[in-house]
Amino acid sequence: MLTIRQKRKRKWSEAGRQLRLLYLNTSLGAFQIAGASWVALLAARGFSLVEIGFAESVFHVASLLFEVPSGVISDVFGRKRSMVLSQCMTLVSALLMLVSDSLAGVLPAMVFSAFGYNFASGTREALAYETLKAEGREAEYDGYSSTDMMLYTFFSSLATLCAGVALALGYRRAYLVDIALGAVCLMSVLRLREAGCALAEGEEIRNGGGGTKNGPQNGAWKRIVQCFRESVHFLLHSRKAMELILLNAAVGAAATLLRFFLQARLTQNGLPEALLGPALFFMGLGGAAGARLILCCKGWSYGRVFAVSAITVAGCVAAALLPVPAVMIAGGFLSALCDNFLQVRSDVRLNEMVPTGQRATLISVSSLCFSGVMIVLSPLFGALFS
């Protein structure tokens, strides 16, 4: 017989184990050296910029179309299944890039890559929040969100810094490295456990939607339709949630596009090409700093966090118009800092506001809004920095 203290210690260690597996998945998933330099690798293989641009468009179209459905699948069939599907899709994408010699093979790889992103988007956050909530520790979610964002930013920036390594290895060896890391990620998600609420819902579906006469398949479809309906109802009647989603998307899109256009603008204004990788890595570290800094500002209201982030990002955009590389790099660093500074707080607030049964769906809606704002702002930023 376990004592109450032993049971409590075991309970807390299980939550810690779950979060450590999620941290491992985030770190290795972000450190994809071929994925971070796929444009350069395709160009080195002889693909034209038109073909590469078309492949990028296919990725975004697939991601937009599948963002919300993937969240519904996570809410209906469980977080762990969605995470496993995400890793499988990512592995299939890397395998297709490894063996494809034409655009006909690259395009399906981009679709699978988008699906891999979609299945994890919202699901990882929902699983972490529900794991902590099941033990009454949801107040600690901001710490998880901060650490997870910091790890993602650092390792994705490190992968970008390794672009030269990927080119030196060649696309086949580079994608083999990604596949090996992806296999480790898959093993880590297979060890995850469903949070109590998601597991119960999954069991209900497997049992036919609570004993309906139509059987398991119709029970699953009924739950999917119900999830869509409840999510739409929540968004229509929760003005604060929609405001939060749109405000976070606006600041995040502006900061992201600024760093994107700085890749070209820095070299055009005198930065040696050999220093571009380190400069981008340094700007990425700003995101890691912002994810950690928000923990020091727990007493700030969301309005204050948003105001500081929005004003700073706007100032960084203005500073990037100056033909001074040092000022541009500083602006990129600060914009990344404020992006994650706001993102972590928005993530925490949104998880607190949304119902458990629609958590992954509604977080996916947030990602969908971000993509929509990116589509609107992209040509505007292109004209601004041209």
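From a predicted model like this one, the values you see are computed outputs, not experimental measurements.

**Q** For this particular structure, what's the right way to read the pattern of salt bridges?
**A** According to the stated counting rule, one finds six salt bridges in the structure shown. Where Lys298 meets Asp142, a salt bridge forms, and the shortest distance between an N and an O atom there is 3.5 Å. Note that Lys298 is positioned in the loop between α15 (276–293) and α16 (302–319) and Asp142 in helix α8 (residues 141–161), a separation of 156 residues in sequence. For Asp339, the salt bridge identified is with Arg259, shortest N-O distance 3.5 Å. Here Asp339, found in helix α17 (residues 325–353), pairs with Arg259, found in helix α14 (residues 239–268); they are 80 residues apart in sequence, far enough to count as distant.

**Q** What should I look at first to understand the confidence of the model for the protein chain in this one?
**A** Close inspection of predicted coordinates is inappropriate in any region flagged by low pLDDT. Taken residue by residue, the protein chain gives an average pLDDT of 83. The fraction at 70 or more is 86%. Here residues 197–216 is a poorly scored stretch, pLDDT under 50, and it has 23 contacts once near neighbours within four places are set aside; other chains count.

**Q** What exactly am I supposed to notice about the packing of α15 against α17 here?
**A** Pairs of packed helices are described in terms of their axes, by the angle between the two and the distance that separates them. One can describe the packing of α15 onto α17 by two numbers: an axis separation of 7 Å at closest approach and a directional angle of 30 degrees. In this view, α15 runs roughly parallel relative to α17, as classed from their interaxial angle. As α15 runs across α17, the sense of the crossing is right-handed. Contacts from Ala279, Phe282, Met283, Leu285, Gly286, Gly287, Ala288, Ala289, Gly290, Ala291 and Leu293 in α15 reach Ile329, Gly332, Phe333, Ala336, Leu337, Asn340, Phe341 and Val344 in α17. When the residues that make up the contact of α15 with α17 are grouped by side-chain class, the tally is 14 nonpolar, five polar and no charged.

**Q** Whenever I open this one, the side chain of Arg345 confuses me. Can you help?
**A** Structurally, the position occupied by Arg345 is in helix α17. Buried charge without a partner: Arg345 forms no salt bridge, and the closest opposite charge is Asp142, 6.5 Å away. Each residue touching Arg345, except ones within four places of it in the same chain, is listed here: Ile294, Cys297, Lys298, Trp300, Ser301, Tyr302 and Val305.

**Q** It is not clear to me how the packing of aromatic side chains should be interpreted in this structure. Could you clarify?
**A** One pair of aromatic rings is described through two measures. These are the centre distance and the angle between the planes. Counted by the stated rule, this structure contains 11 aromatic pairs. Taking the centre distance of 5.4 Å and the plane angle of 25 degrees together, the rings of Tyr23 and Tyr144 count as stacked. In this pair, Tyr23 sits in helix α1 (residues 4–30) while Tyr144 sits in helix α8, placing the two residues 121 residues apart along the sequence.

**Q** Which parts of the structure should I look at to understand the UniProt feature "transmembrane region" (unreviewed entry) in the protein chain?
**A** In the numbering used here, UniProt assigns the "transmembrane region" (unreviewed entry) feature to residues 21–45, 57–77, 89–115, 149–171, 244–262, 274–295, 302–320 and 362–385. Helix makes up 82% of residues 274–295 and strand 0%, and the two end C-alpha atoms of the span are 35 Å apart. In the segment residues 302–320, helix accounts for 95% and strand for 0%; the C-alpha atoms at its two ends are 27 Å apart.

**Q** What's the story with a nonpolar patch on the surface in this structure? I'm lost.
**A** Residues Leu24, Val184 and Met187 make up a contiguous nonpolar surface patch of roughly 240 Å² in combined accessible area. Here Met187 lies in helix α10 (residues 171–190). You can call Met187 exposed: its relative accessible area is 52%.

**Q** Which parts of the structure should I look at to understand the nonpolar core?
**A** Across soluble globular proteins, nonpolar side chains show a tendency to be buried alongside one another. Counting 48 residues, the largest nonpolar core has Leu258, Leu262, Leu266, Val313 and Phe381 as the members making the most contacts within it. Here this core takes 11 residues from α14, the largest share from any one element. Ignoring anything within four residues of it in the chain, the contact list for Leu262 reads Met283, Ala320, Met328 and Gly332. In this structure, Leu107, Tyr144, Tyr175 and Val348 belong to the second largest nonpolar core, which totals 43 residues.

Reading guide: rules and limits
Residues numbered from 1 in each chain as written. Predicted model: local features only at pLDDT ≥ 70, side-chain atom pairs only at ≥ 80, totals over all residues. Heavy atoms only, no water. Salt bridge = Lys/Arg side-chain N within 4 Å of Asp/Glu carboxyl O. Helix = DSSP H or I, 4+ residues; strand = E, 2+ residues; numbered from the N terminus. pLDDT = per-residue confidence, 0-100. Contact = heavy atoms within 4.5 Å. Axes fitted to C-alpha atoms, helices over the stretch in contact; angles between N-to-C directions. Parallel < 35°, antiparallel > 145°, perpendicular 65-115°, else oblique. Left-handed = near helix turned anticlockwise from the far one by under 90°. Nonpolar A, V, L, I, M, F, W, Y, C, P; charged D, E, K, R; others polar. Buried < 20%, exposed > 50% of the residue type's maximum accessible area, 1.4 Å probe, protein only. Lys, Arg positive; Asp, Glu negative; His and termini not counted. Phe/Tyr/Trp six-rings, centres within 6.5 Å; stacked < 30°, edge-to-face > 60°. UniProt positions renumbered as here; feature names shortened; annotations may be inferred. Patch = residues over 30% accessible without salt bridge, like charges linked within 9 Å, V, L, I, M, F, W, Y side chains within 5 Å. Areas by Shrake-Rupley, 256 points an atom, 1.4 Å probe, with all protein chains shown as cover. Core = buried A, V, L, I, M, F, W, Y, C linked by side-chain atoms within 4.5 Å.

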